[in-house]
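# Topology and contacts: notes
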Amino acid sequence: MPFIEVKTTEDLSAVAAELKSALGDAITAIPGKSESWLMVNLVGEQKMYFQGSDAPCALFSVSIFGTATDDAYDDLTCRLWERACSRWGLT
């Protein structure tokens, strides 16, 4: 069972369902993984600092049980950025 947690300074209430679906789509980069077994935790409106700045930011934590190729992990990272992070202005 893969697990993705998103913590961000932003309010996710208006985009939570769409973000969950985007994460479900992204997890398919890992062979044998799909949204049907994906657990997602979305945590918005957090006090977070990156490089000493309180500018909007997000942290994605991904746990995947099993193994995959480096290319699959790279693809997942790209998908998380393209389909989830950049779409809502998270950095």
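Residues numbered from 1 in each chain as written. Predicted model: local features only at pLDDT ≥ 70, side-chain atom pairs only at ≥ 80, totals over all residues. Heavy atoms only, no water.

The 3 strands lie next to each other as E2-E1-E3, forming an open sheet whose pairing is mixed. A single partner strand is all that each edge strand has here, and the edge strands are strand E2 (39-43) and strand E3 (58-63). The average angle at which neighbouring strand axes cross in this sheet is 10°, direction not considered. Strand contacts of helix H1 (residues 16-26): strand E1 (3-8), E2 and E3, with the helix running at about 140° to E2, the strand carrying the most contacts. (Pairing = 2+ DSSP bridges. Helix = DSSP H or I, 4+ residues; strand = E, 2+ residues; numbered from the N terminus. Axes fitted to C-alpha atoms, helices over the stretch in contact; angles between N-to-C directions. Contact = heavy atoms within 4.5 Å.)

Once that is clear, we can look at the pattern of salt bridges. All chains considered together, the criterion is met by 2 salt bridges. Between Glu35 and Lys20 there is a salt bridge, with its nearest N and O atoms 2.8 Å apart. Here Glu35 is found in the loop between H1 and E2, whereas its partner Lys20 is found in helix H1, with 15 residues between them in sequence. On the basis of relative accessible area, Glu35 is assigned to the partly exposed category, the value being 32%. Across the pair Arg79 and Asp75 runs a salt bridge whose closest N-O atoms are separated by 3.3 Å. With Arg79 and Asp75 both in helix H2 (residues 70-85), this residue pair falls 4 residues apart, about one helical turn. Overall, the relative accessible area of 30% leaves Asp75 in the partly exposed class. (Salt bridge = Lys/Arg side-chain N within 4 Å of Asp/Glu carboxyl O. Buried < 20%, exposed > 50% of the residue type's maximum accessible area, 1.4 Å probe, protein only.)

The predicted model of the protein has a mean per-residue pLDDT of 91, with 91% of residues at 70 or higher. No element of the protein has a lower mean pLDDT than H2, at 88, and none a higher one than E2, at 97. (pLDDT = per-residue confidence, 0-100.)

The nonpolar side chains of a soluble globular protein tend to be buried with one another. By size, the foremost hydrophobic cluster in this structure holds 15 residues, and its most contacted members are Ile4, Leu23, Ile27, Leu76 and Leu80. Elements that contribute at least two residues to this core include exactly E1, H1 and H2. (Core = buried A, V, L, I, M, F, W, Y, C linked by side-chain atoms within 4.5 Å.)

Let us now look at unusual backbone geometry. A positive phi is found at Glu45, a non-glycine position, where the angle reads about 55°. Taking the relative accessible area as the measure of exposure, Glu45 reaches 58% and is therefore exposed. Positive phi values are uncommon outside glycine, yet Gln51 reaches one of about 55°. Examined against the element boundaries, Gln51 turns out to sit in the loop between E2 and E3.

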